[in-house]
Amino acid sequence: MTPAYEAEESDTPHADVPCADWREFQPLGLDPILEHALEAFSENGFQGTTVRDLAGRVGVTVPALYYHYENKEAVLVTLLDAAVLDLIDRVSAAVADGGDDPVARFVNAVEAIVLNMTHRAQRSGLDSEVRHISPENRRTYAATRKRLELMMLDLVREGVEQQVFDVDDVEEAVRALLGMFQSIVRWYQLGGPLTPARIAQRYIVIALRVVGHHPAA
């Protein structure tokens, strides 16, 4: 059985702080409860995972698990928050890496999102479990996730203003793009025939078409 979990001062749900290169993905470094919860939620869904199952996977008693997290929802919310904050950090770094070129900034943002959806497919897939959390937690998570949408809206609008993108409805285009990116977790398997880098390059081409970018002749 997995050794009992003992909390340490260094334990943090947002352990995978983006490194200098936003294209790099190190091990998550989650605490044992979050690590096993991620596996359980991915395998059985939030509703299909019991607190007793989580405790058994970690190797602790149910009361011991409650000592660290108020309830099962608190575990899911911690995972969701860490996932979206890490994604926002990575996209922010990618955009900054694009300098003053609106196309490079947009392309980098798309690449960062797709790389995250592939390298972190299991964790990104937890977004579908948001419907099971309380309205208050759902609103808080939605507000944080909205930051990513606003970043993408700014990037596309910037491209339109500088006449490198041709988009009739920026808001609808961004919603379509984000939905397309999120769907990657439904089919992608890390270690399959397509690498995250190849998937990212393919989606960059699609995304540029969505925003009406036509390379100069």
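This text goes with the structure placed above it.
What counts, and at which threshold
- Residues numbered from 1 in each chain as written.
- Predicted model: local features only at pLDDT ≥ 70, side-chain atom pairs only at ≥ 80, totals over all residues.
- Heavy atoms only, no water.
- Helix = DSSP H or I, 4+ residues; strand = E, 2+ residues; numbered from the N terminus.
- Buried < 20%, exposed > 50% of the residue type's maximum accessible area, 1.4 Å probe, protein only.
- Contact = heavy atoms within 4.5 Å.
- Core = buried A, V, L, I, M, F, W, Y, C linked by side-chain atoms within 4.5 Å.
- Domains from an automatic or database assignment.
- Phe/Tyr/Trp six-rings, centres within 6.5 Å; stacked < 30°, edge-to-face > 60°.
- Expected span 1.5 Å × (residues − 1).
- Polar contact = N/O pair within 3.5 Å; in protein donor to acceptor, adjacent residues only side chain to side chain.

*Asks:* So what exactly am I meant to see when it comes to the side chain of T144 here?
*Replies:* The residue T144 is located in helix 7 (residues 135-161) in this model. The exposure class of T144 is buried, given its relative accessible area of 17%. Excluding anything up to four places from it in sequence, T144 contacts V84, L85 and I88.

*Asks:* Before we go on, may I ask you to explain the nonpolar core in this structure?
*Replies:* Proteins that are soluble and globular tend to have nonpolar side chains buried together. If you look at the biggest cluster of nonpolar residues, it comprises 71 residues, and the most contacted ones within it are F41, L79, V91, F106, I113, M152 and F181. Of all the secondary-structure elements, those providing two or more residues to this core are helix 1 (32-44), helix 2 (51-58), helix 3 (62-68), helix 4 (72-97), helix 5 (102-119), helix 7, helix 8 (170-182) and helix 9 (196-210). Considering each element in turn, this core owes the most residues, 11 residues, to helix 4. Each of two domains, domain 1 (30-69) and domain 2 (76-211), supplies a minimum of three residues to this core. If near-sequence neighbours (up to four positions away) are discounted, F106 is found in contact with M152, L155, V156, F165, L177, A207, L208 and V211.

*Asks:* Before we go on, may I ask you to explain the packing of aromatic side chains in this structure?
*Replies:* Both the distance between ring centres and the angle between the ring planes are used here to describe each pair of aromatic rings. Counted by the stated rule, this structure contains 4 aromatic pairs. With a centroid separation of 5.5 Å and 55 degrees between ring planes, the pair formed by F41 and F46 is classed as tilted. When sorted by exposure, F41 lands in the same class as F46, which is buried. Ring geometry for W187 versus Y188: centroids 5.9 Å apart, planes at 80 degrees, classification edge-to-face.

*Asks:* Explanation requested: the environment of A82 in the structure shown.
*Replies:* Tracing the chain through its elements places A82 in helix 4. As a C-alpha pair, A82 and R123 span 41 residues in sequence and 9.5 Å in three-dimensional space.

*Asks:* Even after reading the chapter, I still don't get helix 8, so can you show me in this structure?
*Replies:* Residues separated by three or four positions in an α-helix point in the same direction, a consequence of the helix having 3.6 residues per turn. Under the 1.5 Å per step criterion, the end-to-end length of helix 8 is 18 Å for 13 residues, consistent within 8% with the ideal 18 Å. Residues V170, A173, V174, L177, L178, M180, F181 and Q182 constitute the buried set of helix 8. Buried-residue contacts for helix 8 involve helix 5, helix 6 (121-124), helix 7 and helix 9. The backbone nitrogen of E171 has a side-chain oxygen 3.3 Å away, supplied by the residue at the start of helix 8, namely D169.

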